[in-house]
Structure formats: structure tokens, C-alpha cells
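Observations on the model geometry
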Amino acid sequence: MQRCLQLAENGFGTTYPNPMVGSVIVHNYRIIGEGWHRKAGEPHAEVRAVRSVTNPELLKEATLYVSLEPCSHFGKTPPCSDLILEKGIPNIVVGTVDPFAAVAGKGIQKLREAGRTVVVGVLERECQELNRRFFTFHNKQRPYIILKWAQTADGFIAPLKKETQKPVWISNTYARQKVHQWRSEEQAILVGTKTVLDDNPQLNTRDWYGNAPVRIVLDREGKIDHTYRVLDGTQPTLVITEAKKKGSDERVVYQNCIFDSSLPQQIARILHQKGLQSVIIEGGAKTLQLFIDAGLWDEARVFESAEQWGQGIHAPRLEALCVRSEKIENNNLTWYYHYD
């Protein structure tokens, strides 16, 4: 199962809306096949593992390991449980049950009813942790929420005033490249009005290879017009506003919302309805604090530089235990997790 997890991780950031899944086939204590899910619409892990077996006759005496329950429904591909039955594989070991309603135990039930031996719950916690975005989306009916910001050593996230409309960098070049990598791994990125007006950001992945996330822009009063880069149509953008709904097109969509104390919950619900399983919230301080105060976040990734400004806009207040930290040149990166 550990090998299944290693294989599954190869699909990080490329399988949406599907989960990452790895599969290994063993015959007489020897691995004879393995595979992982690479992209939605392409063969699932079990299919790739079966296809990799050079002597199909061995499948009738083999054990198939898979990190997530085999599917039992027709989606873009046929059910994996049907393939397992067709190939005569007698033993199946499953890491964890699939929370998706169309599966949710049905694949396991189908295999057992056909007389196959099915063991469930091997490295279950690790299998669920690998697909925490997928599990959060289906179990909590919201996206997996990642907070990200950079602050000075004395706790400031931005200067009080700016002379030019561009970011004031606190993190270093390597840290910023890391952020672009993160963007390529998640489905959406969210910023508030002030960030757009002050910095005119692009919110893309220009410093890293990979898909650009859907841009989510909070614009309560409709202050952001098409002179700003977030509305340039180069990537899908969702503008959440209280103002009169403007005309939407394929690349820029407007969604009305009430900006009250329930705003974080409303945003989470909207993103879930749009099928977005994860979102990085990149600020500023007010937007980040909204989600922190609502207890609506799963991870926080905080860069800290050695600079001391003495004054500025204070970084968000976060009371959480540090899970791990690393040094990126002269920046410290600290990771926090929010456990219910």
C-alpha cells in the first residue's frame, strides 16, 4: 500500500476533479504490475496496473492493492470493479472507501458479492491524507482552503502606503517561485479588492510549469474594471460582488453575494457549486483574517523574512501550532494545519 501511495502522488495537481490513486498487483510476493491515475478521462490506476502485467494468466492468482476504492459506476471510463471481476483477480486490498456518492462503498460491495476477498482500511489515514482536497470537497461540501502570506520579522504584511501600483516583495525570488508551484497544484486562487487595486497581480503560474488556477476576486462595490490584469481573460476568473451583476463571458464570470459576517461560508459554498476542490487565499490581511476568524481553513503557509519595518499593515492573527518549517534562502516557511 505504501507503494500505491508513492505512485498516486505522481498525479498531484493533474487529476482534478478525480482523486490521486495508485495501484499495485502482487503475485507470489512479487510485484507484477503497477499504475496510477494521471488525468481525468484517462485510464484509472487499476486499469494501468492490469495493462502492465506481462502474463495476464497470473492475475487469477494475484492480489490487487489500490489506495482508493475501485469505482463501480460509468463516468468518463468504465467501472474498475468490473475490470477486476473480468480479469478474475481474487484478492483486493483497499486503502480507504471513496467518499464520492456514486461510489461510497458500492465498489467494495460489488466485489464481495461476486465472491472476491476484499480487505479495507490498510494505511487508511495516509490514503485519506493524500487526497485531503477530494475528501474535504465531498465530506464537508466545500473546497480545501489554504492560506498563504509573507510577513516581516516584526509581523507586517504590507506597508501603510504605497507609491506605485505593484507588489512590495517580502519573500525572496525562490519563495515566490515556490508559490507559483503551489498555484499549479490547486484549482483556484482568491484575493480581495485591495490586493488587486494596490498590486494589479496576474495570479498565474508564469514562474512554474503547470495549469494556472481559476482566479477568484472579491469586489464588493465593483471597483475593479477591465484595465486590471485579473480581468484580462487569459485564465478563468470568478468575480464575487455585491454590485449590479455585469455581463459574464466564458473567461470572466460575475457572481452576486452578500458581504456580511457569513461571507467566508458563502464563498466556500459558491466554490463547491463550481466544482473547485481547492483554493489558495493569498490576501491581503483583511481577507485572510475573515477566513481565520470563521475557522474556515485547512492549511496556512507563512513566509517570514529577516526584515523589520517598524510599522505597516499587521499580518493576520493565527493561533495554531507549527507543523513543520523550512528555510528558503533568507526566508523561513512555516506550515500550520487546522484540525477540527
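Position numbers for residues start from 1 in each chain and track the written sequence from start to end. Predicted model: local features are reported for residues with pLDDT of at least 70 only, side-chain atom pairs are reported and counted for 80 or more only, and whole-chain, interface and lining totals are derived from all residues. The basis for every side-chain value is the complete set of heavy atoms in the structure, and neither hydrogens nor water enter the calculation.

1. Considering the pairing of strand 15 (residues 322-328)
Both strand 15 and strand 16 (residues 331-337) contribute to a ladder of six bridges, which runs antiparallel. Directly across from Lys327, in strand 16, lies its bridge partner Asn332. Between strand 15 and strand 16, which pair antiparallel one after the other, the connecting turn spans two residues, and Glu329 there sits at a positive phi close to 55°. A pair of strands is considered paired only if DSSP assigns at least 2 bridges between the two. Starting at the N terminus, helices and strands are each numbered in turn, a helix being any DSSP run of H or I of at least four residues and a strand any DSSP run of E of at least two.

2. Points about the layout of surface pockets
Throughout, the protein atoms alone are placed on a 1 Å grid, and a set of points is a cavity if a 1.4 Å probe fits but cannot get out or a pocket if it is open with protein on both sides within 12 Å along at least five of seven lines; lining residues have an atom within 4 Å of a point. Grid points are joined across faces, edges and corners, and a volume is the space filled by probe spheres set on the points. Considering only enclosed or pocket space, the largest pocket measures out at about 1300 Å³ in volume. Taken together, 49 residues form the lining of the largest pocket, with Lys194, Thr195, Asp199, Gly283 and Gly284 sitting closest to its centre. Those elements giving two or more residues to the lining of the largest pocket turn out to be strand 6 (144-151), strand 7 (156-158), helix 7 (173-185), helix 8 (193-199) and helix 10 (285-293). Classifying every residue of the lining of the largest pocket gives 21 nonpolar, 10 polar and 18 charged. Residues are grouped as follows: nonpolar covers Ala, Val, Leu, Ile, Met, Phe, Trp, Tyr, Cys and Pro; charged covers Asp, Glu, Lys and Arg; every other residue, Gly included, is treated as polar.

3. Considerations on the UniProt feature "binding site: Zn(2+)" (unreviewed entry) in the protein chain
UniProt positions are given in the numbering used here, feature names are shortened, and annotations may be inferred rather than shown by experiment. Under the UniProt annotation, "binding site: Zn(2+)" (unreviewed entry) lies at His44, Cys71 and Cys80. Look at the named residues: they lie 37 residues apart in sequence, but the longest C-alpha span between them is just 9.2 Å, so in the fold they bunch up. On the secondary structure map, His44 appears in the loop between strand 2 (30-36) and helix 2 (45-51). Relative to the helices and strands, Cys80 resides in helix 3 (residues 80-86).

4. A word on the domain arrangement of the protein chain
What the domain assignment lists for the protein chain is domain 1 (1-134) and domain 2 (143-337). An automatic or database domain assignment supplies the residue ranges for each domain. One C-alpha centre belongs to domain 1, the other to domain 2; they are set 35 Å apart. Contacts: residue pairs with any heavy atoms within 4.5 Å of one another. Domain 1 puts eight residues into the contact, and the matching count from domain 2 is 11 residues. Note: buried area is the sum, over both parts, of the accessible area (probe 1.4 Å) each one loses when the two are combined. Taking both sides of the interface into account, the surface hidden between domain 1 and domain 2 amounts to around 830 Å²; carbon and sulfur atoms contribute 46%. For domain 1, the biggest contributors to the area lost against domain 2 are Tyr16, Arg132 and Arg133; these three give 64% of the whole. Criterion for a salt bridge: a side-chain nitrogen of Lys or Arg within 4 Å of a carboxyl oxygen of Asp or Glu. Connecting domain 1 to domain 2 are two salt bridges. In this structure, Arg132 and Glu299 form a salt bridge, with 3.2 Å as the shortest nitrogen-oxygen distance. For the side of domain 1 that touches domain 2, the per-class residue count stands at four nonpolar, one polar and three charged.

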